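Architecture and fold: a report
Okay, here's what each chain looks like letter by letter:
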Amino acid sequence: MSACVPTRNDHSSRSSRPSRASGFKRPHSPPPPPRRGRFRISGADLSASITVFLIAVPMSLGLAVAMDAPLAAGLVSAAIGGIVAGLLGGTPLQVSGPSAGLTVVTAELIQIYGWRTTCAITVGAGLLQILLGSLRAARSALAVSPAIVHGTLAGIGVAIALAQLHIVFGEVPRSSALDNVLSLPSHLAHFEPAGPLIGALTVVLLVAWPRMPGQIGAALRRIPAALAAVVIATAVAAAAAPGIARVDLPSWHSHALPELPQGPVAALATAVFTVTLVASLESLLAAVSVDKLAADRSTTATKDGSTPHAPVKRSDLDRELRAQGLANAVSGLAGGLAVSGGAVRSSANVRAGATSRASTVLHGVWVLLAAVLLITALEWIPLAALAALVMVVGIQMVSFAHIRKVHRHREFLVYGATISGVILAGVLEGVAIGIVVAVAVALHRLARTRITVTEQDGRYLVAARGQLTFLAVPRLSRVLGKLPQGVDAVVELDGFFMDHAAYETIQDWYAAQTALGGRIEFTGRSGGRIAEPASAAHSCCRPWTPWRNHHCHDSVQDTAPTTAAPDSHVVPKAAPPTAPKGPSGRRHGAHRLLSGLSSFQRTTAPLVREELARLAAEGQRPSQLFLTCADSRLVTSMITASGPGDLFTVRNVGNLVPPPDAGDAESNDDSVAAAIEYAVDVLEVESITICGHSGCGAMQALLGAAPETPRTPLWRWLRHGLPSLERMRSRHHSWARIAGRLPTDAVEQLCLTNVVQQLEHLRAHESVARRLAAGTLQLHGMYFHVGEAQAYLLTEGASSGTGPDEVFARVAPGAVWGAEDGVDSPHPAPGTAVDA
């Protein structure tokens, strides 16, 4: 739900509360602003930085080998990415370093222009990233179809894996993925077994290390799989294959720096744009993934009862893009590889418990120290082990989860075209092919409209399946033009969009037919009439009329069509509804239920089926118990803006909560208590809300009850509301106020008082009292005025000892509740839009 305000857990007055000057911080007050000017390093950040460092060193060397770049360049870019992008980036937990996505691009650039010109291209790409970040283009970059983005990365991953397979066999990779595939059989015919065996050992360790069972496996899994695989492969190679090709780090005295680029300007500009595109997309996607990982980590810690990590601010993607650009510019100037945010390094950083950007920066410092102090140790690493490591990274870029997702959204053709284009033609060409195919698919879907005509007993049925746009107008005009003049026809529209051109075509045809005596009806696929009323007096059934009990007027005559919005499904005219009606003029309940179910299956079920399937598989995990009245006018999902799985809802007459000591067995009811116990102890909800409403029939019955009222089941239940009636009539309790005014009548006063009293009953339940004492449960009070469609929330700490006992505050439209970094909180913060 959007917002609820907690009630008091006790009745202490304000005078008993500590003052602000005492330094006491209320539980729901905003946190103090962070202190600036000091770089704090926690123990968690220190340990996480070491974990990431142990992953980054072999991966950086492996990517340099894959690009045929100087090995020292991989370490330079890892250090600069960690320090520069870590200090200035908009995603504190993202770890930047050599870009896996740019492996194929960089290798091609080195072959064409040489290493020093490639460094200059990296500098140019960094400057372009800074410009794009300053223009706030980061979010726009993510607006590209996910099928194109994931297809591009998957194609790059396949190309990486094919190239590294050649290095594992001790050969030099070819210039393209297709050449690598064609030349692979010749390498399989004759090869030295040492390299493939070391590579296979590395792959097996990378796959099996995170899956080792038992207590020993749990202890070993603390060591990063990449580090373990490379160390073990190095040890085995030292013992069994001393002559295998190894890392050869050149002297820093021979380290190459960039030079002014030489070559055709158009080709160099294309190279800069390609590096910018791939590096930016990879970094931004990794930043979004880091946000999700950090949020999942906090949620898991909360549910497990473990110590939650400090909340991490959502990524500032434009700032991240600028920081990546600066890191690339510095890396290129220092003779390093192109830099981007890495999903592997970043996810390891989050899972290692990092809480701030200190872990990212420290990892860069450790890499810099290793590049200076550990050269001898690094030169023992076999090239086959590094190649196998990078090959696994490339394979992991082909995500089966992404394939399933694009297939489910019917975008696999775009995904397949993009990945094929990247593999066969190149990165930039593959992206262009993906965009062209995506546009073609969208146009095909937009234009794919089937229009059929059938005749039965002189009555025509025109069925239009699909979206009615200007692309379908020629076919629509041709079909409608073939119908006789003055025809009796039903036009069945099965789509959710009609543009202005299609609307005018139908409007003109309708006017011509009715002028010649024709009778035209417009329906949806289920047969329900579609119309736009000329005024309130001519209202007919629309999709939202279930809220109006399907009160449709029978007085709608065959009049001239009314004007409707062009981009709507509304068409000129509708005949009166023909559904069977009861004595009250409403359609029979069975028909309304069947119609509603049919409408749900047609329109809503396709939209929610995926989410409901997930909930069915995972089980329900609601965060709130919502206890309200059974009144049919109270639509809980509507007034709380909630969806499936959000609320555990209990409804009864009068939103009553029988106390544990409700009386004799005859009047006691355990259904509500059972629901409370299940929600609190089993589902472990975080809050409970009791919601009353205006014009409650149960409260009216309590006010008008006579002493001799017969003990019917309804009255035995309403006896649980008698304490609310006594509280309202007691002189020891002041009347509640609502939005700065007294209640309009005794019924409204009792409705408000009943919310407060039922909260008292709720606190008496053992499970609730236990969670309240532990500080893991919150109670909320709410009142909904049906006639005003207005929610009122029971405020915290309204009593001062002399004034009103309880105050219900009005929720203003667009209110932001304790918003911090765009995230809503259920407790009102100072200055929020609540009218008291």
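In case you missed it, the structure is sitting above this.
A few points on the structure. What you see is a predicted model; the values in this text were computed from it and never measured.

Packing of helix 25 (residues 697–704) against helix 28 (residues 746–763) leaves a shortest axis separation of 9 Å and a crossing angle of 110 degrees. When the interaxial angle is binned, helix 25 and helix 28 end up roughly perpendicular. Where helix 25 crosses over helix 28, the handedness of that crossing is right-handed. Only Ala746, Val747, Leu750, Cys751 and Asn754 of helix 28 make contact with helix 25, whose side of the interface consists of Met699, Gln700, Leu702 and Leu703. Grouping the amino acids of the contact of helix 25 with helix 28 by side-chain chemistry returns 7 nonpolar, 2 polar and no charged.

All right, on to unusual backbone geometry then. The phi angle at Glu684 is positive, at roughly 55 degrees, despite the residue not being glycine. Using a relative accessible area of 49% as the deciding quantity, one classes Glu684 as partly exposed. At Ala789, a residue that is not glycine, the phi angle is positive and equals roughly 50 degrees. For Ala789, the location among the structural elements is in the loop between strand 11 (778–785) and strand 12 (790–794).

Quick look at the sheet that holds strand 3 (residues 450–456) now. Spatially, the 4 strands line up as an open sheet ordered 3-4-5-6, and their pairing is mixed. Edge positions in the open sheet fall to strand 3 and strand 6 (519–523), since each of these has one partner strand only. Looking at each pair of strands side by side, their axes are set apart by 15 degrees on average, direction ignored. Pairing geometry for strand 4 (residues 459–465) and strand 5 (residues 488–494), over 6 bridges, is parallel. Paired with Ala464 across the strands is Leu493, a residue of strand 5. Across the sheet, helix 21 (residues 500–515) lies against strand 5 and strand 6, angled at about 150 degrees from strand 6, the strand it touches most.

What follows covers empty space enclosed by the protein. If you walk through the whole model with that rule in mind, you get 5 cavities of 30 Å³ or more. Together, 11 residues line the largest cavity, and Arg727, Ser734, Ala736, Gln749 and Thr753 are the ones closest to its centre. Elements with a minimum of two residues in the lining of the largest cavity: helix 27 (722–729) and helix 28. For the lining of the largest cavity, the element with the most residues is helix 28, which contributes 3 residues. Here the residues of the lining of the largest cavity are counted per class, giving 4 nonpolar, 4 polar and 3 charged.

Scoring rules and cut-offs
- Residues numbered from 1 in each chain as written.
- Predicted model: local features only at pLDDT ≥ 70, side-chain atom pairs only at ≥ 80, totals over all residues.
- Heavy atoms only, no water.
- Axes fitted to C-alpha atoms, helices over the stretch in contact; angles between N-to-C directions.
- Helix = DSSP H or I, 4+ residues; strand = E, 2+ residues; numbered from the N terminus.
- Parallel < 35°, antiparallel > 145°, perpendicular 65-115°, else oblique.
- Left-handed = near helix turned anticlockwise from the far one by under 90°.
- Contact = heavy atoms within 4.5 Å.
- Nonpolar A, V, L, I, M, F, W, Y, C, P; charged D, E, K, R; others polar.
- Buried < 20%, exposed > 50% of the residue type's maximum accessible area, 1.4 Å probe, protein only.
- Pairing = 2+ DSSP bridges.
- 1 Å grid on protein atoms, 1.4 Å probe; cavity = no way out; pocket = protein on both sides within 12 Å on 5 of 7 lines; lining within 4 Å.
- Points joined across faces, edges and corners; volume = space filled by probe spheres on them.

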